[in-house]
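Architecture at a glance
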Amino acid sequence: MNFSVGTIVGIQRFPGSRRPMEPLNSARVTQDSGLEADHHARAGSERQLLLIEEETLQALNLRIGEVRENLTTRGIVLTGLDNGSILQIGSEVRLRITKPCLPCSRMDEIRAGLQRELDGRRGMLASVESGGSITVGDPIRIL
């Protein structure tokens with residue numbers, strides 16, 4: 001099995017502090033910003049997008065979007081990618097991995113002990129190298 005190619009199974013936009021994530025079927029991703037209208041979309045940020053594997057969510061009995069990720073993937077191993085790794089989504093969008101996402105204390109608001117359970121597997125943060133449109137079902141691969 002090839003774990004360097006997968007599929008986007010969820011796209012979620014963060015509208016603002018303490019507000020629920022908005023699930024989307026498709027979205028525009030803006031270069032050096034993030035998802036259009038996402039609270040974390042800012043030029044120069046290391047946290048323009050948060051990606052997590054669906055397999056991690058399933059192992060922890062969590063729903064897509066519950067840990068506030070922007071992109072949920074299936075079939076690709078993101079955890080442990082080196083900073084600077086490039087991901088291609090569909091034919092247009094390229095992301096650069098900036099660092100692992102450290103689970104914050106708000107994870108314990110979802111479930112007691114979840115911050116600790118997510119240690120080392122909260123997902124990866126990325127910046128947008130080239131923007132475009134993405135859709136649930138698009139392929140994602142490590143370049």
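Look up: the structure comes first, before these words.
The structure contained in this document is the topic of the report that follows. (Residues numbered from 1 in each chain as written. Predicted model: local features only at pLDDT ≥ 70, side-chain atom pairs only at ≥ 80, totals over all residues. Heavy atoms only, no water.)

1. Thoughts on the pairing of strand 11 (residues 139–142)
It is a general feature of regular strands that their side chains alternate between the two faces of the sheet. Sheet topology places strand 1 (residues 5–13) next to strand 11; 3 bridges connect them, and they run antiparallel. Along strand 11, the bridge assignment pairs valine 5 with arginine 141. Relative to strand 11, strand 7 (residues 86–89) is paired through 3 bridges, and the arrangement is antiparallel. Pairing of isoleucine 89 across the sheet is with isoleucine 140, part of strand 11. (Pairing = 2+ DSSP bridges. Helix = DSSP H or I, 4+ residues; strand = E, 2+ residues; numbered from the N terminus.)

2. Thoughts on the sheet that holds strand 10 (residues 132–135)
The strand order across the open sheet formed by 3 strands is 4-3-10, and the pairing between neighbours is antiparallel. Strand pairing shows two members of the sheet lacking a second neighbour, strand 4 (34–35) and strand 10, which therefore form its edges. Pairing of strand 3 (residues 26–30) with strand 10 involves 4 bridges; the strand directions are antiparallel. Within strand 10, the position partnered with serine 26 by the bridge is threonine 135.

3. Describing the pattern of salt bridges
What the rule picks out here adds up to 7 salt bridges. With a shortest N-O distance of 2.6 Å, glutamate 109 and arginine 18 are connected by a salt bridge. Of this pair, glutamate 109 sits in helix 2 (residues 107–110) while arginine 18 sits in the loop between strand 1 and strand 2 (22–24), and the two are 91 residues apart along the sequence. Side by side, glutamate 109 and arginine 18 carry an identical accessibility label, which is exposed. (Salt bridge = Lys/Arg side-chain N within 4 Å of Asp/Glu carboxyl O. Buried < 20%, exposed > 50% of the residue type's maximum accessible area, 1.4 Å probe, protein only.)

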